[in-house]
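Topology and contacts: notes
Now for the letters of each chain:
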Amino acid sequence: MTCRELIDFLMEYLSGEIPPDQRVVFEDHLQVCPSCVAYLRTYESTIRLGKASLEPTEDELPAEVPAELVDAILAARATTA
Amino acid sequence: MKDLDTLPFPPASKDADAQERSLVQGLRAGKDEAYAQLVRLYGGRLLAVARRFLGNEEDARDAVQEAYLLAFRSIEGFDEASRISTWLHRIVINASLMKLRTRRRKPEEPIDDLLPKFFEDGHQVQGSVQWKESGETAVLRKEVRVLVRTCIDRLPDSYRTVLLLRDIEEIETEETARLLAISTNAVKTRLHRARQALRTLLDPHFRGKAA
């Protein structure tokens, strides 16, 4: 297995979609390739960072929906009902 | 799929289920107060979802308004086995995607420059190194969250959208494919490329030093 093959199928490897006999081939490559181990770890960190960064923090989440938006939605309902 | 109740917001009360049933009954009976309550209860959280997809406040508010109007029209078809927050989440995503489609004007930049490069023998052209700080600790800092959001915004829309749907909104591959009218294989390919491109953009900031 080459680095290219491992990285091309990394998502399937991490999500457990690779059959056991093929996983062994991935793991053999990871045993001897620190660069691919680093790629795998940083790929996983990327997913976690993306997810955590886009969750609104408490100070970003509107405590309540802006009043003018509520008014606009209810007014639009009244005209389309 | 993510439930809006899992977002950092005042937790649902113990009688949330009963409250929700009563709300749905009020909506089906056409009670004005029930409609107002539906908007006040979930509007803020739906706005946060729309902002993730659309970036600008005006478009996000439009998408939330369109989502609510669609929800009002469709309330008869709401399956009470589902949570109303999950149902609204799906509707606002749809409205945001519609808006994204209508405003997409210019051709996308290719993503290829952000994907890893390989020599003919399959080795990486630029060897990868571990990051000094894990995502868990880094993301606690505001400047890191801003950096990651900025990098996500730099992804071409067709990749950014798949990343948002799959990794952030936690929508399954098949549902993502249906929402975007593309194949499941295309969803998987775009998601992998989007993650790789985001990793490339983040790498200089985390490589070899604490971000």
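Since the structure is predicted, the reported quantities are computational estimates derived from the model, not experimental observations. (Residues numbered from 1 in each chain as written. Chains lettered and ligands numbered in written order. Predicted model: local features only at pLDDT ≥ 70, side-chain atom pairs only at ≥ 80, totals over all residues.)

Once that is clear, we can look at the overall build of chain B. The secondary structure content of chain B amounts to nine helices and zero strands. Secondary structure elements of chain B, listed N to C terminal, follow the sequence α-α-α-α-α-α-α-α-α. Here chain B holds 211 residues, and the buried ones make up 36% of them. Long-range pairs, those at least 24 residues apart, make up 69% of the contacts in chain B with a sequence separation of at least 6. (Helix = DSSP H or I, 4+ residues; strand = E, 2+ residues; numbered from the N terminus. Buried ≥ 20, exposed ≤ 12 C-beta atoms within 10 Å, placed from the backbone. Contact = placed C-beta atoms within 7 Å.)

A word on the domain arrangement of chain B. Often, the extent of an interface is quoted as the loss of accessible area upon association of its parts. All names here are of chain B. For chain B, the domain assignment lists domain 1 (4-103) and domain 2 (112-206). Measuring from the centre of the C-alpha atoms in domain 1 to the corresponding centre in domain 2 gives 28 Å. Listed by partner, the interface residues are seven residues for domain 1 and seven residues for domain 2. Broken down by secondary-structure element, the contributors of at least two residues to the side of domain 1 that touches domain 2 are α2 (32-54) and α4 (84-103). The element that contributes the greatest number of residues to the side of domain 1 that touches domain 2 is α4, accounting for four residues. Its residues placed into classes, the side of domain 1 that touches domain 2 shows four nonpolar, two polar and one charged. (Domains from an automatic or database assignment. Nonpolar A, V, L, I, M, F, W, Y, C, P; charged D, E, K, R; others polar.)

Once that is clear, we can look at helix α7 (residues 157-168) of chain B. Count 3.6 residues to each turn of an α-helix, and residues three or four apart come out pointing the same way. All names here are of chain B. Burial of α7 is extensive: nine of the twelve residues sit out of reach of the surface. Three or more residues of α7 are buried, namely Y159, R160, T161, V162, L163, L164, L165, R166 and D167. Where α7 terminates, the next one or two residues include E170, which has phi positive at roughly 60°.

A separate point is the nonpolar core. Grouped together as the largest cluster of nonpolar side chains are 49 residues, with contacts concentrated most on L46, A50, V64, A67, L88 and V92 of chain B. Of all the secondary structure elements, the ones that give two or more residues to this core are α5 (67-80) of chain A together with α2, α3 (57-74), α4, α6 (142-153), α7 and α9 (184-206) of chain B. At twelve residues, α2 of chain B tops the list of elements feeding residues into this core. (Core = buried A, V, L, I, M, F, W, Y, C linked by C-beta atoms within 7 Å.)

Here we come to the confidence of the model for chain B. Confidence in the prediction of chain B, expressed as mean pLDDT, is 87, and 88% of residues score 70 or more. Scored as a complex, the prediction yields pTM 0.86 and ipTM 0.89. (pLDDT = per-residue confidence, 0-100.)

Listed as interface residues are 49 residues of chain B and, on the opposing side, 36 residues of chain A. Taken together, the elements giving at least two residues each to the side of chain B that touches chain A come down to α2, α3, α5 (135-138), α6, α7 and α9 of chain B. Tallying contributions element by element places α2 of chain B first for the side of chain B that touches chain A, with nine residues. For the side of chain B that touches chain A, the class distribution of residues is 25 nonpolar, twelve polar and twelve charged.

Residue and element names in this part refer to chain B. Checked against the element boundaries, E20 lands in helix α1 (residues 16-28). Note on E20: 16 C-beta atoms within 10 Å, which makes it partly exposed. Sequence separation between E20 and S85 is 65 residues; the distance between their C-alpha atoms is 9.5 Å.

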